[in-house]
Structure formats: structure tokens, C-alpha cells
Amino acid sequence: METTNGAGHPLPYDSYREAIERETLRFAGIAGGVDPETAVPSCPDWTLADLTRHVGALQRWFSALLTRLVQEPPRSRDLELGLPEGAQEYPDWVAAGVPAVAAVLRDTDPLAAMWAWGEDQHARFWARRMLFETLVHRVDAERAVGRDSDIDPVLAADGVDEFLVNLPHAGLFAPAVTKLHGSGETIAFQCSDHPGGTGEEWRVRLDPEGFRLLPRTDTGTDPDAATSAAQSVVRGPAADLLLLLYGRRAYQDDAFEVSGDTAVLDVWFAHTAF
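The following refers to the structure shown. Numbers given to residues run from 1 along each chain, matching the order in which its sequence is written. Predicted model: local features are reported for residues with pLDDT of at least 70 only, side-chain atom pairs are reported and counted for 80 or more only, and whole-chain, interface and lining totals are derived from all residues. Calculated side-chain values reflect all of the structure's heavy atoms, with hydrogen atoms and water omitted.

### Some words on the packing of aromatic side chains
Two numbers describe a pair of aromatic rings. These are the distance of the centres and the angle of the planes. For Phe, Tyr and Trp, where Trp contributes only its six-membered ring, two rings pair if their centres lie within 6.5 Å, and the inter-plane angle classes them as stacked under 30 degrees, edge-to-face over 60, or tilted in between. For the structure on display, the rule yields 11 aromatic pairs. Aromatic side chains Phe163 and Tyr246 sit 5.0 Å apart centroid to centroid with 65° between the ring planes, which places their arrangement in the edge-to-face category. With Phe163 in helix α6 (residues 153-166) and Tyr246 in the loop between α8 (238-245) and β8 (257-260), this residue pair connects regions lying 83 residues apart in the sequence. Neither Phe163 nor Tyr246 differs from the other in exposure class; each is buried. Taken together, the aromatic side chains of Phe62, Trp115, Trp117, Phe125, Trp126 and Phe173 make up a single cluster linked through ring pairs. Labels follow the DSSP assignment, with helices taken as runs of H or I lasting at least four residues and strands as runs of E lasting at least two, numbered in each case from the N terminus. Burial status follows relative accessibility: with a 1.4 Å probe on protein chains alone, a residue under 20% of its type maximum counts as buried, one over 50% as exposed, and anything between as partly exposed.

Written out as C-alpha cells, the structure is:
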């Protein structure tokens with residue numbers, strides 16, 4: 001089944017379920033056999049045990065929300081996790097939850113109306129959110145153990161979109177977002193490796209009352225036309241853009257081509273830690 005996300009970008013719903021399964025098993029494989037007290041540099045003050053517990057707990061929590069198709073914000077997050085006593089068993093616990101998560105996603109109508117903290121008030125919101133939580137934390141785990149990471153560019157581009165679509169609604173757990181504003185400046189995040197050889201661009205506008213995501217464009221063969229009104233432009237591969245938005249990379253890295261006013265970028269990244 002194909003659904004349309006909040007920005008009008010079609011993506012097969014089943015691809016989320018399949019990708020969640022792959023990413024979760026990859027995560028568990030990375031964490032397994034590694035000292036659970038290993039520090040995770042991209043998640044300050046967390047160990048690999050903390051990260052593994054977080055991934056497993058979040059997936060079970062999201063699955064509970066989907067099973068109930070909640071219509072309002074839950075008043076409690078109490079949930080029987082079945083967490084093992086020993087942290088060294090956490091990776092197997094995460095992997096063991098995959099069939100149940102897959103079943104919930106498979107049995108849920110993605111167009112079912114339900115509460116979500118983001119823009120899309122349908123069940124598909126939670127599948128999409130679960131994927132990128134898991135994917136980014138898989139990269140966190142790989143970095144913690146010194147492994148290289150790879151991210152499918154199609155998923156990465158969708159993850160950029162998902163992040164920017166939902167960021168204006170994230171103030172509940174990222175309060176600095178509510179203080180992000182400007183004087184009409186526009187930032188363009190441009191993908192350099194969109195499938196088919198064309199680029200995609202996401203533009204955000206910082207206004208005195210807040211910020212908003214502008215209608216997304218396909219830059220095609222003329223990227224200058226799409227970015228002409230932007231005060232700041234960051235261009236790079238989709239995977240790197242995704243990690244940049246999540247604070248796992250810096251715009252000064254060699255992966256990016258940056259033009260325009262970097263002070264605007266500094267304001268953006270100072271307020272968008274997620």
C-alpha cells in the first residue's frame with residue numbers, strides 16, 4: 001500500500017515495516033557481544049546498554065500506541081517491557097521483539113486516525129517515526145564500536161523530510177525549538193544524490209513568530225533556481241543531511257557544500273537538538 005506523508009512524498013507503507021525489521025536486527029547485531037558499558041559519544045552520558053534499552057522500549061511503546069489506536073495523548077507510559085535482568089541480554093531482547101512489532105505494523109491500517117505528536121494524525125506516523133529512531137540509533141551504536149555506517153539514500157531522504165515536517169511540533173521534548181525564529185531568513189537543505197540523478201530541496205523559513213517548512217521542491221538540473229531565495233544553503237548526500245539534522249554531523253564537515261550566511265545555520269542548529 002502506498003501512503004502519502006505530510007509533505008506529499010509517496011512512500012510504500014510496507015517499506016517502513018520491512019526497514020524497521022532490518023534496522024532493528026542490525027542494531028541488535030552491533031550491540032550483541034559488546035561491553036554494554038561502552039560509551040556512546042553521540043548520545044552524551046549514555047552507554048550502549050542505555051541505548052539498547054531505549055530502542056527496545058520505544059519500539060514496544062510505539063507498538064502499544066498502534067495497537068490501541070490512541071485518540072489523545074497518553075497519560076502514562078507505564079508498560080511491561082519484559083526487560084532482562086542483565087544488560088548483556090538487552091540485544092537479544094531487542095531482536096526478540098521484532099516479530100511482534102512487525103505483526104502490529106502489518107495488522108494496522110496506516111490510514112487509521114489516531115493521535116500523534118507530529119503533523120500526520122494517522123497510524124503511519126508512528127511507523128515512520130519508529131524507523132528513523134531505530135536507524136539513527138543504529139548509526140549511534142556503530143560509531144560507539146568503531147564501525148562505518150551506511151544508510152540507504154532513499155530512506156535517508158525520507159528521513160530528512162520526516163524530521164523537518166515534524167520539527168515544528170517537537171517543542172514538548174525539544175523546548176529550544178519553540179524559541180527558533182528569525183526575520184524571514186530561509187535555509188535550504190539540498191540533497192545531492194537523489195535517485196535518478198536529480199536533487200531534492202527542503203527549505204525552512206525563520207519568521208519572527210517561529211519557523212515553518214516551505215513547500216518542497218525537486219531541483220532537477222537547475223539547483224540554482226531552487227536556492228536563489230535562500231540565505232543559507234547546505235548541500236550534501238541524503239545520508240549526511242539526515243545525520244546533520246540529528247546532530248550527528250556538523251555543517252562544516254567536508255561532506256557538505258555550504259553557501260550563504262552561516263550565522264543563520266548557527267541559529268538553526270543551536271535550537272534544533274532532537
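### Structural notes on the side chain of Arg138
Topologically, Arg138 is positioned in helix α5 (residues 124-144). Taking relative accessible area as the criterion, Arg138 reaches 0% and is therefore assigned buried. Every residue pair with non-hydrogen atoms within 4.5 Å of one another is taken to be in contact. If sequence neighbours within four positions are ignored, Arg138 has contacts with Glu23, Arg26, Phe27, Ile30, Ser149, Asp150 and Ile151.

### Digging into the nonpolar core
The term nonpolar core refers to a set of buried residues drawn from Ala, Val, Leu, Ile, Met, Phe, Trp, Tyr and Cys, joined through side-chain atoms within 4.5 Å. One finds Trp126, Ile151, Leu164, Ile187, Phe189, Leu206 and Trp268 to be the most contacted residues of the largest nonpolar core, which totals 62 residues. With 9 residues, the single largest contributor to this core is α5. Formed by 15 residues, the second largest nonpolar core is a distinct cluster that contains Phe27, Cys43, Leu81 and Val94.

### Re the environment of Gly159
Within the element layout of this structure, Gly159 appears in helix α6. In this structure, the C-alpha to C-alpha distance between Gly159 and Leu135, residues 24 residues apart in sequence, is 9.4 Å. Not counting the four nearest positions on each side in its chain, Gly159 is found in contact with Phe132 and Leu242.

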